[in-house]
Amino acid sequence: MGWRRENKAHDDARTGRLLDGVEAAYAARTGDPCGDQELTAFEEIALFASAPDPREPYPPAGHDYPRRGNGRR
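Residues numbered from 1 in each chain as written. Predicted model: local features only at pLDDT ≥ 70, side-chain atom pairs only at ≥ 80, totals over all residues. Heavy atoms only, no water.

Draft legend 1. Inspection of the environment of Leu 19 at higher detail. Here Leu 19 shows up in helix H1 (residues 8-30). For Leu 19, a relative accessible area of 29% gives the class partly exposed. Here the alpha-carbon distance between Leu 19 and Ala 49, two residues 30 residues apart in the chain, equals 10.0 Å. When neighbours within four sequence positions are excluded, Leu 19 is seen to be in contact with Leu 47 and Ser 50. (Helix = DSSP H or I, 4+ residues; strand = E, 2+ residues; numbered from the N terminus. Buried < 20%, exposed > 50% of the residue type's maximum accessible area, 1.4 Å probe, protein only. Contact = heavy atoms within 4.5 Å.)

Written as structure tokens, this is what we have:
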């Protein structure tokens, strides 16, 4: 199986699956997918990692994520 470059559609699909999983986990734990109970630490991390606050810069200042054109392929 060869390597392929991911695009926005791939990223969006993966994010959608992650958010569906967070909702399913919350619903299984609370009995309501839209309840008002607190999120677990894992649910909160998964939610905010997949749907960052649009008011915050991305990537965050000081990041060390790979950048396009830095020799990584």
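Draft legend 2. Spatial organisation of the packing of H1 against helix H2 (residues 41-50). Two numbers describe how H1 lies on H2: the axes approach to 10 Å, and their chain directions differ by 155°. The orientation of H1 with respect to H2, classified from their angle, is roughly antiparallel. Considering how the two elements wind past one another, H1 and H2 form a crossing that is left-handed. Note on element contacts: H2 touches H1 through Glu 43, Ala 46, Leu 47 and Ser 50, opposite Thr 15, Leu 18, Leu 19, Val 22, Ala 25, Tyr 26 and Arg 29. Partitioned by chemical class, the residues of the contact of H1 with H2 number seven nonpolar, two polar and two charged. (Axes fitted to C-alpha atoms, helices over the stretch in contact; angles between N-to-C directions. Parallel < 35°, antiparallel > 145°, perpendicular 65-115°, else oblique. Left-handed = near helix turned anticlockwise from the far one by under 90°. Nonpolar A, V, L, I, M, F, W, Y, C, P; charged D, E, K, R; others polar.)

Draft legend 3. How the structure looks around the pattern of salt bridges. Applying the stated criterion to the full structure yields three salt bridges. Across the pair Lys 8 and Asp 12 runs a salt bridge whose closest N-O atoms are separated by 3.0 Å. Residue Lys 8 and its partner Asp 12 are both found in helix H1; the two are separated by four residues, about one turn of the helix. We classify Lys 8 as exposed; its relative accessible area is 60%. The partner of Glu 43 in a salt bridge is Arg 29, and the shortest N-O contact between them spans 2.7 Å. Here the residue Glu 43 occupies a position in helix H2, and Arg 29 occupies one in helix H1, the gap between them amounting to 14 residues. (Salt bridge = Lys/Arg side-chain N within 4 Å of Asp/Glu carboxyl O.)

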